[in-house]
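The residues making up each chain are set out below.
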Amino acid sequence: SLGKVGTAAGVAATAINAIVSVFGRSMERLYYSSRRAESSASNIKALEFAASSFGVSGETMRGALEGMARSMRLNPGLQGLLETLGVRVEGRDRSDVLGDMLGVLKQMPFYIGSSYASLFGIDSDTYLLLTESLEKIKALREERKRMAEEVGLATDAAAKAGQAYSQILREIGERLGILKDTVAVALLPAFQKSAQWFTTALQELNKVIASGTVLERVKQGTLDTLSGKSAGAF
């Protein structure tokens, strides 16, 4: 029936809207994270997937990568330090630089490697978990990339699409907000008239109550009711 078709269409539209909203928010965050981290979206997602298997949440992993890139932007001398340690930086994805850096620092005593890592915005707990499982993380990172390639997913394109979706949804939301405000302004005169009528009615009711007429009638009605019950009881 048309009713069932309409209901199904409504459910489908709601589901699609939810999917688009979630996809848009998630991928938009990835899009801007990619820019801050100076790393491709596909590398970030692959690294998050790999690290999450060894106690480092995707959010923490992303934060570590962004922290390293931020530290290097704020202190250009850190690039020279990495190159002194044998890690090539120029022109490379920061996720690759991070992996090589951790590989070098892992060969040092923990307290020294951790001190170096802190210069790049990586706390000691994250450093410990990453270096303990570094080779496995690298293997899982490549596995995640292969998984995306098998289904033809271009993560960088998806991140850019997510940013576009979110922008469209924001514009729709803003237009709806403007429409709501416009309607509210247009309804103000009618609302003022209704409020005035309501206020006048309350004032008149207060006058009646204040005169005592209503209270006397209520009291009298109560007494009559009680009298009637009493009379019926005998």
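This write-up is about the structure you can find in this document. (Residues numbered from 1 in each chain as written. Predicted model: local features only at pLDDT ≥ 70, side-chain atom pairs only at ≥ 80, totals over all residues. Heavy atoms only, no water.)

What the protein contains, in helices and strands, is ten helices and zero strands. When the helices and strands of the protein are read in sequence order from the N terminus, they spell out α-α-α-α-α-α-α-α-α-α. Taken across its 234 residues, the protein has 28% of its residues classed as buried. Here the contacts in the protein between residues at least 6 apart in sequence split such that 67% fall between residues at least 24 apart. In the form shown here, the protein has an accessible surface area of approximately 15000 Å², with 62% of it arising from carbon and sulfur atoms. (Helix = DSSP H or I, 4+ residues; strand = E, 2+ residues; numbered from the N terminus. Buried < 20%, exposed > 50% of the residue type's maximum accessible area, 1.4 Å probe, protein only. Contact = heavy atoms within 4.5 Å. Areas by Shrake-Rupley, 256 points an atom, 1.4 Å probe, with all protein chains shown as cover.)

It is at 9 Å that the axes of helix α6 (residues 110-119) and helix α7 (residues 124-132) come closest, and there the two elements cross at 115 degrees. Considering how the two elements wind past one another, α6 and α7 form a crossing that is right-handed. Every residue of α7 that contacts α6 at Phe110, Gly113, Ser114 and Ala117 is listed here: Ser124, Tyr127 and Leu128. (Axes fitted to C-alpha atoms, helices over the stretch in contact; angles between N-to-C directions. Left-handed = near helix turned anticlockwise from the far one by under 90°.)

Taken as a whole and judged by the stated rule, the model has one cavity of 30 Å³ or more. Of the volumes computed, that of the largest cavity is approximately 100 Å³. Among the elements of the structure, α5 (94-105) and α8 (134-150) are those that each provide at least two residues to the lining of the largest cavity. (1 Å grid on protein atoms, 1.4 Å probe; cavity = no way out; pocket = protein on both sides within 12 Å on 5 of 7 lines; lining within 4 Å. Points joined across faces, edges and corners; volume = space filled by probe spheres on them.)

Looking at the element boundaries, leucine 129 is found in helix α7. Judged by relative accessible area, which is 28%, leucine 129 ranks as partly exposed. The sequence separation of leucine 129 and phenylalanine 54 amounts to 75 residues, and the corresponding C-alpha distance is 7.0 Å. Residues in contact with leucine 129, not counting those within four places in the same chain, are Phe54, Gly55 and Val56.

A few words on the packing of aromatic side chains. All chains considered together, the criterion is met by two aromatic pairs. The interplanar angle of 80 degrees and the centroid separation of 5.0 Å between the aromatic rings of tyrosine 31 and tyrosine 32 together place this pair among those described as edge-to-face. For tyrosine 31, a relative accessible area of 22% corresponds to the partly exposed category. Residues phenylalanine 110 and tyrosine 127 carry aromatic rings whose centres are separated by 5.4 Å and whose planes lie at 45 degrees to one another, so their mutual orientation is tilted. Within this pair, whereas phenylalanine 110 is found in helix α6, its partner tyrosine 127 is found in helix α7, the two being separated by 17 residues in sequence. (Phe/Tyr/Trp six-rings, centres within 6.5 Å; stacked < 30°, edge-to-face > 60°.)

As a further point, take the environment of methionine 101. Within the secondary structure, methionine 101 sits in helix α5. Through-space distance from the C-alpha of methionine 101 to that of valine 89 is 9.8 Å; in sequence the pair is twelve residues apart. Not counting residues up to four positions away in its chain, the partners in contact with methionine 101 are Met68, Leu82, Val87, Phe120 and Ile122.

One pass over the structure, following the stated rule, counts 14 salt bridges. Taken together, the shared-partner salt bridges connect Arg36, Glu66 and Arg70 into one network. (Salt bridge = Lys/Arg side-chain N within 4 Å of Asp/Glu carboxyl O.)

On to the packing of helix α3 (residues 58-74) against α5, then. For the pair α3 and α5, the least separation of the axes is 10 Å and the interaxial angle reads 95 degrees. Taken together, α3 and α5 sit at an angle that is classed as roughly perpendicular. Contacts between α3 and α5 involve Met61, Leu65, Met68, Ala69 and Met72 from the first element and Arg94, Ser95, Val97, Leu98 and Met101 from the second. For the contact of α3 with α5, a count of residues per class yields eight nonpolar, one polar and one charged. (Parallel < 35°, antiparallel > 145°, perpendicular 65-115°, else oblique. Nonpolar A, V, L, I, M, F, W, Y, C, P; charged D, E, K, R; others polar.)

Take a nonpolar patch on the surface next. A surface patch of nonpolar side chains, about 560 Å² in accessible area, is lined by Ile168, Ile172, Leu176, Leu179, Val183 and Leu187. One can find valine 183 in helix α9 (residues 155-210). Judged by its relative accessible area of 40%, valine 183 is partly exposed. (Patch = residues over 30% accessible without salt bridge, like charges linked within 9 Å, V, L, I, M, F, W, Y side chains within 5 Å.)

So, about the nonpolar core. Core analysis: the biggest nonpolar cluster contains 32 residues, and Met61, Met68, Leu82, Leu98 and Met101 have the highest contact counts within it. Among the elements of the structure, α1 (2-37), α2 (41-52), α3, α4 (77-84), α5, α7, α8 and α9 are those that each provide at least two residues to this core. With near-sequence residues (within four places) excluded, methionine 68 lies in contact with Arg94, Val97, Leu98, Met101 and Phe120. (Core = buried A, V, L, I, M, F, W, Y, C linked by side-chain atoms within 4.5 Å.)

Here we take up the side chain of asparagine 43. By secondary structure assignment, the location of asparagine 43 is in helix α2. Of the polar contacts made by the side chain of asparagine 43, one reaches the side chain of arginine 141; its length is 3.2 Å. (Polar contact = N/O pair within 3.5 Å; in protein donor to acceptor, adjacent residues only side chain to side chain.)

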